[in-house]
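In case you want the letters, here they are:
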Amino acid sequence: MNLNNLGIRARITLGLVVILLLAVFSAGNSLYRNTLVKYESTEVATSWIPAIENLGHMKGFVADHYLAVSDRMAGRDASDATAFAQTLQNLEMQLSKATDIYAATLLTYSEDDMVQGAAEKALYADYQAKRDAYFKIAQAGLSGLVTYAAEPDKLAEVQQAFSSQAPVAFRAAYAAMEAIVKFNLDGTADAATKVVNIISAAEIAMLVVLMVILVVGGVLIWVIPRSVILPVQNAVSLAQDISDGDLTRIVVSNSRDELGQLLANLEVMRAKLAGVVFQVRQGSESVATASAEIAHGNNDLSART
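Everything in this summary refers to the structure shown in the same document.

1. Some points on the overall build of the protein chain
1) Next: Across its full length, the protein chain holds five helices and zero strands.
2) Next: Tracing the protein chain from N to C terminus, the helices and strands come up as α-α-α-α-α.
3) Next: By residue count, 30% of the 305 residues in the protein chain fall in the buried class.
4) Next: Counted over contacts in the protein chain with a minimum sequence separation of 6, partners at least 24 positions apart contribute 77%.
5) Next: On the protein chain, roughly 18800 Å² of surface is accessible, and the fraction owed to carbon and sulfur atoms is 64%.

Structure below.
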């Protein structure tokens, strides 16, 4: 685009608009990056950290449940049935609450995180299946303990079955929770990495925009005043030549702005003044020729007289 085809006001406005647009872009990019940082920070605060906290509680409740049942099955727990049942009920209730809190965090995934959400839900489903398998073995053992309390042989079989099956089932459920914990720890680390990357990208973008603003601003500071000063200097020089009586200089204006129109009008004025001077000179020369002819005629007349 040729700036000489734009008016002075349009050039100044264009320069200011370009600078403002770059500033708006920089501010918009910063706001967008800040929004991403805020989102990732919120995810860590409302999803990852609560999940890890509740998983710790869940692991503790399952471990306490296994120890309590193991002690009961091995005869190391001498409390009455009511107290023992209350202990298990409290552990299972606390585990259920912690599990519900953790399950709620599964619903915070957006469409962009569907793959990650599906992976966590699969881990959670695996934990539920293995937890229920352990509870089934524990309940069967405790039920057999009550049913065959008066039958030592069958009671021994129940205890043997529990001893062989319960540890495996418990370790599987515990390992499933450990897998979920690792998933959430990795997710927290990934969120922290994303925040660092977003901040780094924002810093780079701000530096790039700043450099662009400096370059574009420098070019505009050079081009716009130059596009105004040069025609003004030509106009001043032409006016000076005209005032000095020099009407031979021809000025060609290549722009259509106000200064271009000024130069064009000055050129028209110079041309008309040159024409007037030429006509005056021709008239003066005609008068001089006629005067010379009259003088010559007078001399001839005097001579004849």
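More follows now that the structure is in view.
2. Considering helix H2 (residues 81-105)
1) Next: Under the 1.5 Å per step criterion, the end-to-end length of H2 is 36 Å for 25 residues, consistent within 8% with the ideal 36 Å.
2) Next: Every buried residue of H2 is accounted for by Phe-84, Leu-88, Leu-91, Leu-95, Ala-98, Thr-99, Tyr-102 and Thr-105.
3) Next: Near the N-terminus of H2, the side chain that reaches the backbone nitrogen of Thr-82, with its oxygen 3.1 Å away, is that of Asp-80.

3. Some details on the pattern of salt bridges
1) Next: In this structure the tally under the stated criterion is seven salt bridges.
2) Next: Residue Lys-59 pairs with Glu-178 through a salt bridge whose shortest N-O separation is 2.7 Å. With a gap of 119 residues between them, Lys-59 in helix H1 (residues 8-74) and Glu-178 in helix H4 (residues 152-243) connect regions that are remote in the sequence.
3) Next: A relative accessible area of 15% places Lys-59 in the buried class.

4. A word on the packing of aromatic side chains
1) Next: Applying the stated criterion to the full structure yields seven aromatic pairs.
2) Next: Note on Tyr-102 and Tyr-124: the rings are 5.7 Å apart at their centroids and 45 degrees apart in plane angle, and the pair reads as tilted. Of this pair, Tyr-102 sits in helix H2 while Tyr-124 sits in helix H3 (residues 114-147), and the two are 22 residues apart along the sequence.
3) Next: Here the aromatic rings of Phe-170 and Tyr-174 are separated by 5.6 Å at their centres, their planes lie at 40 degrees, and the arrangement is tilted. You can see Phe-170 and its partner Tyr-174 sitting in helix H4, four residues apart, about one turn around the helix.
4) Next: Of the residues examined, Tyr-174 reaches a relative accessible area of 26% and is grouped as partly exposed.
5) Next: One aromatic cluster is present, built from ring pairs that chain together Tyr-66, Tyr-134, Phe-135, Phe-170 and Tyr-174.
6) Next: Seen from the ring of Phe-84, Arg-72 lies directly overhead, with NZ or CZ sitting 4.7 Å from the centre.

5. Details of empty space enclosed by the protein
Gaps left between atoms are located by rolling a probe of water-molecule size over the structure's atoms.
1) Next: Scanning the model with the defined rule gives one cavity of 30 Å³ or more in all.
2) Next: Taken together, 11 residues form the lining of the largest cavity, with Glu-40, Trp-48, Asp-113, Gln-116 and Lys-194 sitting closest to its centre.
3) Next: Contributions of two or more residues to the lining of the largest cavity are made by H1 and H4.
4) Next: Classifying every residue of the lining of the largest cavity gives four nonpolar, two polar and five charged.

6. A closer look at the nonpolar core
1) Next: In this structure, Met-58, Val-69, Tyr-102, Tyr-127 and Tyr-134 are the most contacted members of the largest nonpolar core, which totals 35 residues.
2) Next: Every element with two or more residues in this core is listed here: H1, H2, H3 and H4.

7. Section: the environment of Ala-51
1) Next: For Ala-51, the location among the structural elements is in helix H1.
2) Next: The spacing of Ala-51 and Ile-101 is 50 residues in sequence and 7.8 Å in space, taken between C-alpha atoms.
3) Next: When near neighbours in sequence (up to four residues on either side) are disregarded, Ala-51 contacts Tyr-102, Thr-105 and Asn-184.

8. A short note on the environment of Asn-54
1) Next: Within the fold, Asn-54 resides in helix H1.
2) Next: Using a relative accessible area of 8% as the deciding quantity, one classes Asn-54 as buried.
3) Next: Measuring from C-alpha to C-alpha, the distance between Asn-54 and Thr-99 comes to 7.2 Å, with 45 residues separating the pair along the chain.

Rules and cut-offs
- Residues take numbers from 1 onward in each chain, read along the sequence in its written order.
- Owing to the predicted nature of the model, reporting of local features is limited to residues with pLDDT of at least 70; listing and counting of side-chain atom pairs is limited to 80 or more, with chain, interface and lining totals taken over all residues.
- Remark: hydrogens and water are excluded; side-chain values derive from all non-hydrogen atoms of the structure.
- Runs of H or I in DSSP of at least four residues are treated as helices and runs of E of at least two as strands, each being numbered from the N terminus.
- Between buried and exposed lies partly exposed: a residue is buried under 20% and exposed over 50% of the maximum accessible area for its type, with that area taken using a 1.4 Å probe on protein chains only.
- Only heavy atoms matter for contacts: two residues are in contact if any of them lie within 4.5 Å across the pair.
- Under the convention used here, a 1.4 Å probe and the Shrake-Rupley method define accessible areas, while residue burial counts only the protein chains that appear.
- To estimate the expected span of a helix, subtract one from its residue number and multiply by 1.5 Å.
- By the criterion applied in these results, polar contacts are pairs of N or O atoms within 3.5 Å in which, for protein atoms, one can donate a hydrogen and the other can accept it, and in which residues neighboring in sequence qualify only through two side-chain atoms.
- Whenever a carboxyl oxygen of Asp or Glu lies within 4 Å of a side-chain nitrogen of Lys or Arg, that contact is scored as a salt bridge.
- Centres within 6.5 Å are what make two rings of Phe, Tyr or Trp a pair, Trp counting through its six-membered ring; a difference in plane orientation under 30 degrees is then read as stacked, over 60 as edge-to-face, and the rest as tilted.
- Two conditions define a charge sitting above a ring: the NZ of Lys or the CZ of Arg must be within 6 Å of the ring centre, and it must be within 35 degrees of the ring normal.
- The method works on a 1 Å grid over the protein atoms by themselves. A cavity is a set of points holding a 1.4 Å probe that cannot get out, a pocket is an open set with protein on both sides within 12 Å along at least five of seven lines, and residues with an atom within 4 Å of a point line them.
- Grid points are joined across faces, edges and corners, and a volume is the space filled by probe spheres set on the points.
- Here the term charged refers only to Asp, Glu, Lys and Arg, the term nonpolar to Ala, Val, Leu, Ile, Met, Phe, Trp, Tyr, Cys and Pro, and the term polar to all other amino acids, Gly among them.
- Here, nonpolar core means buried Ala, Val, Leu, Ile, Met, Phe, Trp, Tyr and Cys residues that are tied together by side-chain atoms lying within 4.5 Å of each other.

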